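Descriptive analysis of the structure
Letter by letter, the chains look like this.
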Amino acid sequence: MKIQDITVGHTTTRPGDFPDEAIPEIAFLGRSNVGKSSLINSLTQRRKLARTSKSPGRTQAIRCFRIAGDVATCFFVDLPGYGYAKVSRQIREQQWGRLIATYLQDSPNLLVGIQLLDIRRDGPTKLDWQMIEWSRASEVPTIYVLTKSDKLSRNRRAQAVQKFARALELPGGEKPIPYSAVTGDGRAELWAALDDLLQHATETSAA
Ligand SMILES: Nc1nc2c(ncn2[C@@H]2O[C@H](COP(=O)(O)OP(=O)(O)OP(=O)(O)O)[C@@H](O)[C@H]2O)c(=O)[nH]1
Ligand SMILES: [Mg+2]
């Protein structure tokens, strides 16, 4: 998609407080520090749009970015990450859980969730699985992205794609997309998948 304009939209920490404009939403899901904000910046090619940080737990609220492009106008939704240990665990998990679960279950305009997983791991962690199960239960389609692909050699990258595809039990030869916010690896492939979904959503809502 050719982006024409980006504006920072709605920010909230309250469950059920959704953006008021009815356009498709693309949500970024994953543990703290996996690279959600970096992925948003890389896809939009704006280095400082979403705040990134070396210390996990940077994004505590739901933040929307309104992306106007030639294919569609949509929101990118930067969600707070899970698995961040510094804040009291119970408070954190309750608040985080309510915020994310409400968003996934009730968001009428949620088009697709992008589930981020660190390519260097052996597979999804326990918390990743909890997240993946919520997404699967909500029946919102998911695209799996393996982040920080620049950290592995070509060979090990290809092995990781196979390993994650098996662990996630993806149907019909579907594969996760390796991505690097540093080199731009995967950007064209991920945009192609998003363009398809956006195009389809726009056609359906116009019909
Ligand atoms: N080498 C490399 N580093 C990356 C990549 N993506 C993100 N990082 C680094 O990983 C760290 C975390 O990135 P963020 O984008 O802030 O992660 P996040 O998922 O938004 O984290 P929270 O907001 O805490 O949930 C930063 O130091 C980034 O520079 C990548 O593709 N390659
Ligand atoms: Mg972030």
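Computed from a prediction, not measured in an experiment: that's the story for all the values here. (Residues numbered from 1 in each chain as written. Chains lettered and ligands numbered in written order. Predicted model: local features only at pLDDT ≥ 70, side-chain atom pairs only at ≥ 80, totals over all residues. Heavy atoms only, no water.)

Turning our eyes to something else, we now look at the pattern of salt bridges. Applying the stated criterion across every chain yields a total of six salt bridges. In this structure, Asp118 engages Arg120 in a salt bridge whose closest nitrogen and oxygen atoms are separated by 3.0 Å. A relative accessible area of 5% means that Asp118 is categorised as buried. Across the pair Asp122 and Lys163 runs a salt bridge whose closest N-O atoms are separated by 3.8 Å. In this pair, Asp122 is assigned in the loop between strand 5 (110–118) and helix 3 (126–138) and Lys163 in helix 4 (residues 154–168), connecting sequence segments 41 residues apart. Taken together, the salt bridges that share partners define one network made up of Arg31, Asp118 and Arg120. (Salt bridge = Lys/Arg side-chain N within 4 Å of Asp/Glu carboxyl O. Buried < 20%, exposed > 50% of the residue type's maximum accessible area, 1.4 Å probe, protein only. Helix = DSSP H or I, 4+ residues; strand = E, 2+ residues; numbered from the N terminus.)

Let us now look at the packing of aromatic side chains. The tally for this structure, following the rule as stated, stands at two aromatic pairs. Pairing Phe28 with Phe76 gives two aromatic rings, centres 5.2 Å apart and planes at 65 degrees, and the pair type is edge-to-face. Placement of the pair is Phe28 in strand 2 (residues 25–29) and Phe76 in strand 4 (residues 73–78), with a sequence separation of 48 residues. With respect to burial, Phe28 and Phe76 carry one shared label: buried. Taken together, the ring pairs in this structure connect Phe28, Phe76 and Trp191 into an aromatic cluster. (Phe/Tyr/Trp six-rings, centres within 6.5 Å; stacked < 30°, edge-to-face > 60°.)

To continue, consider helix 1 (residues 36–44). Three- or four-residue spacings in an α-helix give side chains the same orientation, since the helix completes a turn every 3.6 residues. Counting buried residues in helix 1 gives eight out of nine residues, a clear majority hidden from the surface. All buried positions along helix 1 are accounted for by Lys36, Ser37, Leu39, Ile40, Asn41, Ser42, Leu43 and Thr44. Gln45 sits one or two residues past helix 1 and shows a positive phi near 55 degrees.

So, on to the side chain of Ser42. Tracing the backbone through its elements, the reader meets Ser42 in helix 1. Among the residues examined, Ser42 registers a relative accessible area of 6% and is labelled buried. A polar atom in the side chain of Ser42 sits 2.7 Å from the side chain of Tyr179. Sequence-distant contacts of Ser42, defined by excluding residues within four places in its chain, comprise Tyr179, Ser180, Ala181 and Arg187. (Polar contact = N/O pair within 3.5 Å; in protein donor to acceptor, adjacent residues only side chain to side chain. Contact = heavy atoms within 4.5 Å.)

In this model, Gln45 sits at a positive phi of 55 degrees, which is unusual for a non-glycine residue. Among the structural elements, Gln45 can be located in the loop between helix 1 and strand 3 (62–69). The phi dihedral of Glu139 falls on the positive side, at around 65 degrees, and the residue is not glycine. Structurally, the position occupied by Glu139 is in the loop between helix 3 and strand 6 (142–147). Residue Glu139 is classed as exposed on the basis of its relative accessible area, which comes to 70%.

This next bit is on the sheet that holds strand 7 (residues 177–178). Hydrogen bonding along the main chain pairs the strands of a sheet, whether they run parallel or antiparallel. Read from one edge to the other, the open sheet built from seven strands follows the order 1-3-4-2-5-6-7, with strand pairing classed as mixed. For this open sheet the edge positions go to strand 1 (3–12) and strand 7, each flanked by a neighbour on one side alone. Relative to strand 4, strand 2 runs parallel, the two sharing four bridges. Bridging across to strand 4, Ala27 finds its partner in Val77. Set on the sheet, helix 3 makes contact with strand 2, strand 5 and strand 6; between it and strand 5 the angle comes to about 165 degrees. Across the sheet, helix 4 touches strand 5, strand 6 and strand 7, and the angle it forms with strand 6 is around 145 degrees. (Pairing = 2+ DSSP bridges. Axes fitted to C-alpha atoms, helices over the stretch in contact; angles between N-to-C directions.)

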